[in-house]
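Structural overview for review
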Amino acid sequence: MSKRSRIADEPRHWPLHLFVLFMVAVTLYPILFVVTIAFSGGQTLAIADVPPDATVWQQVRAVLPWPQHVSFENFRSLFADQPFGRWLFNSVLVAGLTTFLGVFLACTAAYAFSRFRFPGRRAGLMAFLVSQMFPGTLMLIPLFIILVQWLNLGSTYTGLVLLNTVTSIPFCVWMMKGYFDTIPKELEESALIDGASQATIFFRIVLPLAKPAVAVTALFSFMTGWNEYVQAATFMNREDMYTGPVGLRFFVAGFSQQWGYFAAGAIVAAIPVMVLFMFLQKYLVSGLTAGAVKG
Amino acid sequence: MARTERPVSHRRRFLIGLALAALLGVGLGASLLAGSLAGERRARVEREAVVTLSALTAVVDRASGGSVTEAAPAEASSGSDNGFGLGDELAALDQPAATEPAEAQGETVRQAVARFAAEHPEVTAIRVFKLDGRQLEASTDPADQGDKAAPRTLVLEEKPLFDLGQKLRAAVEGNREGAEGAARAPEIAIERKPESLSLAAPLERDGQVIGMVQMDTRTRREAGAFSWGPFLAAWLAPVIVLLLLSLILGERRWVLLGAGAVLLVAALWGYGRYALGTLSAERRQSSQTVAAHVGEEAKKTEALLAGLGIPAGQPLEPTLWDMDEHRQSRGLLSSGLAVDEGRLGEMAGADAGRLTRSVATLALISLLLLGFVGLGWAARTGAALVEHRVAYAYVTPALLGMLTLVFFPFFYGVVLSFTNNSIYTTDKPVSEIWIGFQNYVDILTDFQVAKRTPEGLDWNYENFYYTLAFTIVWTVSNVVIGVSLGLALALILNLKGFALKPVYRVLLILPWAVPNYITALIFKGMFHRQFGVVNKILQLFGGPAIPWFDQPFTSFVAVLTTNAWLSFPFMMVMSLGALQSIPADLYEAARVDGATRWQQFRSITLPSLQPALVPAVILSVIWTFNMFNIIFLVSAGQPGGSTEILITRAYKLAFEQYRYGYAAAYSMIIFIILFAYGTWQNRVTKATEAIG
């Protein structure tokens, strides 16, 4: 291909680079902003003070996402003076138990939906898919009355785990069923001929084969539980039972303006899930599109 | 297989079905009746305790110098139900405190309370305290002896007592200011313990709550025996009759079904009549007992006041002592302290109405069971369960989980949406707060979207249709921005030989990875009017500092920016995936045919993108429609609820206004919208699949 024809055919790259660089700047700015506040050592939102008769440089300095003095004080204080460690522990516990319960229930159900034809299968599958569509917030009102007012489970791990599981089960069933559908049935049939029981087949053959899918589903379920805000905020009223997200909101809600703690806490809470997400992102895309196309 | 060859006996099925259905219907009916009777007995004990408390309050009120002046014409006629509680009446008549010095007054109160306690052996403790100065005026509590004896100030451990007083004061004041018909807070606190009751009433002077009278009283448990006779009769009689009938009717199944249904309904109706009679008798007895108690208390009180030489002043109003916890007279007693037959009849009528509804519901449930068993569906279901037992075994754990965690709450949510359940009525049975379609009618028929005022249109942001329209605008703008940005970036990053592609890709995905509540809070900070970085940047270029959340439009821009930031990477990744799967030789062939770039884009790129983009758009519509965190955390609906979307509005109705029933109806409407959208998109996807 000669240079001439390429120029005629292909658009010039440098204006496109400008556009993409602009988008990258827009993307990175809020993230760098949080990092700046977190390492500033203070609680204020402002990166730098702007006096009324500020010079252009002072004005520019106030929007540059880099702290004036780098300090780890916010991180130290977050764990030493604030109950953030306790909140993170709550988050780990709730997200972990939710994942365990959700994935366990989802595996058996997804396997049944994938392998057996039985009365009620279609209705059950539809119910799972429909409930995947509407958000947990809609279920919050009846669940709140049942769990808090009837069963008195407000501000308890049990209550929040049950609540979060509701949101996670349909997603897990969806992901797992898609994977079980791809495992050839012949394996199980031959095992059946060899005299294996149904339980043996499920636990010894199918589950080991589905290990990667179980792992991915579990990780996503954990991430969802870890990032869940509204249910925890409604449910956990006692300060020592807050989860990470609720605690972070607590720092900057109402008249409280502890932006330094918020920023430091946000970094601590977000980094693990962001790393995890970058690794798992392609599974999510394939899982979502598979489900969406199937309807 | 031998079992199915034998002809099934319809007679046997229907007899079993009727026995089970009647057991279910009559059994549930019997347990409802037992519950009502026990409730009535409990209520009677509480009513008596409230009467005693009212008498005590009247004594304390007079002993402390209230209500001593001459009586003005009483406004609240006896037995009326027009909202004049004891407190209002006293307040209207009270005069400034008597001339007696406070010391002597306190002594009179203590004497009166001591004598009152002596005359009421069932009362274990009485405490009177004033909110002002936290002064414990009098106490007969065994713990308050020696150096803890009244009068003294309340100590720190007694803070719950003081808080209760504050709560009652707030309730009285709130109810007085509150609109007519609004939910009222109880003005008498009743704490129920297994063997005793602890009651508290506010003490008023000149219309102000100045203190509280608290009384602990033992309760005697009135056990009512359950009568098995009517229950067994209503259960077994229809079965025996059907057995005899079936000897004549033979194996005709529809006739059997009809006969069974008639017998079942008759049995339930009969049991209902019996239940109504029992309940009325119990209510009558309650009223008589309470009336007798009121008479007794009135005599005791008069004697006590006379004995202590306290001027009776304004006459006692014992007929008002039988009041509910809102201090409204129940109006069941006429002025002569006899039972008001008219009111009793009204209550019996209300009971009958409720009972008819419950009997109808029970009849429906048990008829379904009769049909289910009698017509052989039970046998078929059983057979299916046995045949597919392996599959059901696998589904069971998840199914149990789903039933208790998803389907039951969902069903309960549907039921809630037909009630006016609120924070004040959560412990009432559904039948008492059932209001049918009222919530739906209120939400859907309110077309007051905007009012025309001289300054222009005045939008009603609370209106459902406004919020719906805003939600649609919000969803569409977000998806349009997301798709255009995502697609543009994907097209650029898909260019052959574009430098730094992988770096760009990773950096541009980052917003998707950031948990969205963190994104929301960051942007909330960045849009801060005074310290926010967005305004700092605007000022750098000579712009003004915008108060973002003070105007609906700027507030919308703020939430839109936030959501655009976090949602374009998803679209970009989906488009990029689809673009990479387009075979390169398609473009090669097009170029050979002399197609321009635009033509290539139109006829190759766009059609190939469609299978990936359609599901992505569908998903992102649902996500954005339900994007709770961004709205809730960034704008919080400011200003005035103008940037609220449906789901945040429903949340606030439930958890900030505590209108659970109304909010449940709101949620159901949202669910129906989503469900309709889902069904429609399903059809569209199927169509695109068929084309593609």
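Residues numbered from 1 in each chain as written. Chains lettered and ligands numbered in written order. Predicted model: local features only at pLDDT ≥ 70, side-chain atom pairs only at ≥ 80, totals over all residues. Heavy atoms only, no water.

What follows is about the overall build of chain B. Along the backbone of chain B there are 22 helices and eight strands. A total of 692 residues make up chain B; the buried ones form 48% of that total. Of the contacts formed within chain B by residues at least 6 apart in sequence, a portion of 67% connects residues at least 24 apart. Working note: accessible area of chain B is about 33000 Å², and carbon and sulfur atoms make up 63% of it. (Helix = DSSP H or I, 4+ residues; strand = E, 2+ residues; numbered from the N terminus. Buried < 20%, exposed > 50% of the residue type's maximum accessible area, 1.4 Å probe, protein only. Contact = heavy atoms within 4.5 Å. Areas by Shrake-Rupley, 256 points an atom, 1.4 Å probe, with all protein chains shown as cover.)

The secondary structure content of chain A amounts to 14 helices and zero strands. Ordered by position from the N terminus, the helices and strands of chain A form the series α-α-α-α-α-α-α-α-α-α-α-α-α-α. Across the 295 residues in chain A, those meeting the buried criterion constitute 52%. Nonlocal contacts in chain A, meaning residues at least 24 apart in sequence, comprise 75% of its contacts between residues at least 6 apart. When the accessible surface of chain A is summed, it comes to about 13600 Å², and 68% of that surface belongs to carbon and sulfur atoms.

A few words on the packing of helix α18 (residues 584-592) of chain B against helix α19 (residues 597-625) of chain B. Residues and elements named next belong to chain B. Where α18 contacts α19, the axes come no closer than 11 Å and their chain directions differ by 150°. Between α18 and α19, the angle falls in the class roughly antiparallel. Where α18 crosses over α19, the two elements pack in a sense that is right-handed. Contacts between α18 and α19 involve Leu586, Tyr587, Ala590 and Arg591 from the first element and Gln600, Ile604 and Thr605 from the second. Per-class residue counts for the contact of α18 with α19 are four nonpolar, two polar and one charged. (Axes fitted to C-alpha atoms, helices over the stretch in contact; angles between N-to-C directions. Parallel < 35°, antiparallel > 145°, perpendicular 65-115°, else oblique. Left-handed = near helix turned anticlockwise from the far one by under 90°. Nonpolar A, V, L, I, M, F, W, Y, C, P; charged D, E, K, R; others polar.)

All names here are of chain B. With respect to the helices and strands, glycine 640 occurs in the loop between α20 (628-635) and α21 (646-655). Considering only alpha carbons, one finds glycine 640 and proline 552, 88 residues apart in sequence, at a separation of 8.6 Å. If we ignore the near neighbours within four places in the chain, the residues touching glycine 640 are Tyr461 and Glu462.

Looking now at the side chain of threonine 234 of chain A. Positionally, threonine 234 of chain A belongs in helix α12 (residues 230-235). At 2.7 Å, the side chain of threonine 234 of chain A and the backbone oxygen of valine 230 of chain A are in polar contact. In contact with threonine 234 of chain A, not counting residues within four places along its chain, are Leu140 and Phe144 of chain A together with Tyr651 and Phe655 of chain B. (Polar contact = N/O pair within 3.5 Å; in protein donor to acceptor, adjacent residues only side chain to side chain.)

Between chain B and chain A, the contact holds 91 residues from the first and 89 residues from the second. Across the interface of chain B and chain A, roughly 8200 Å² is buried in total on both sides, 81% from carbon and sulfur atoms. Of all residues in chain B, Tyr394, Leu405 and Tyr517 of chain B bury the most surface against chain A, accounting for 9% of the area lost on that side. At the surface where chain B touches chain A, the tally comes to zero salt bridges. On inspection of chain B and its partner chain A, the count reaches five residue pairs in polar contact (both at pLDDT 80 or more). Here the element with the most residues in the side of chain B that touches chain A is helix α10 (residues 389-416) of chain B; it accounts for 18 residues. (Buried area = accessible area lost by both parts, 1.4 Å probe. Salt bridge = Lys/Arg side-chain N within 4 Å of Asp/Glu carboxyl O.)

Before going further, it helps to examine the sheet that holds strand β5 (residues 196-205) of chain B. Residues and elements named next belong to chain B. Here six strands make up an open sheet; going across it, the order is β3-β2-β1-β6-β5-β4 and the pairing antiparallel. Both edges of this open sheet fall to β3 (152-153) and β4 (189-192), since each of them pairs with a single strand only. Strand direction decides the pairing type here: strand β1 (residues 123-130) and strand β6 (residues 208-218), joined by seven bridges, are antiparallel. When the sheet's bridge partners are listed, alanine 125 is paired in β6 with aspartate 216. Sitting on the sheet, helix α5 (residues 159-177) is in contact with β1, β4, β5 and β6, with an inclination near 120° to β6. (Pairing = 2+ DSSP bridges.)

This part is about the environment of glutamine 135 of chain B. Residues and elements named next belong to chain B. With respect to the element layout, glutamine 135 can be found in strand β2 (residues 135-139). Taking C-alpha positions, glutamine 135 is 6.2 Å from leucine 154, a pair spaced 19 residues apart along the chain. Not counting residues within four places of it along the chain, the set of residues in contact with glutamine 135 comprises Val128, Phe129, Lys130, Pro151, Arg152 and Thr153.

With that settled, the discussion passes to the nonpolar core. Leu248, Phe251 and Phe262 of chain A together with Trp474, Leu508 and Tyr666 of chain B are the most contacted members of the largest nonpolar core, which has 193 residues in total. Broken down by element, this core gets its largest block of residues, 15 residues, from helix α17 (residues 552-580) of chain B. Apart from residues no more than four positions distant in its own chain, phenylalanine 262 of chain A is found in contact with Leu248, Phe251 and Val252 of chain A together with Ile518, Leu521 and Ile522 of chain B. In terms of nonpolar packing, the next biggest core, distinct from the first, is built from 43 residues, Val113, Val294, Leu304 and Leu333 of chain B among them. (Core = buried A, V, L, I, M, F, W, Y, C linked by side-chain atoms within 4.5 Å.)

Bear in mind that shape data such as this cannot, by itself, settle questions of function.
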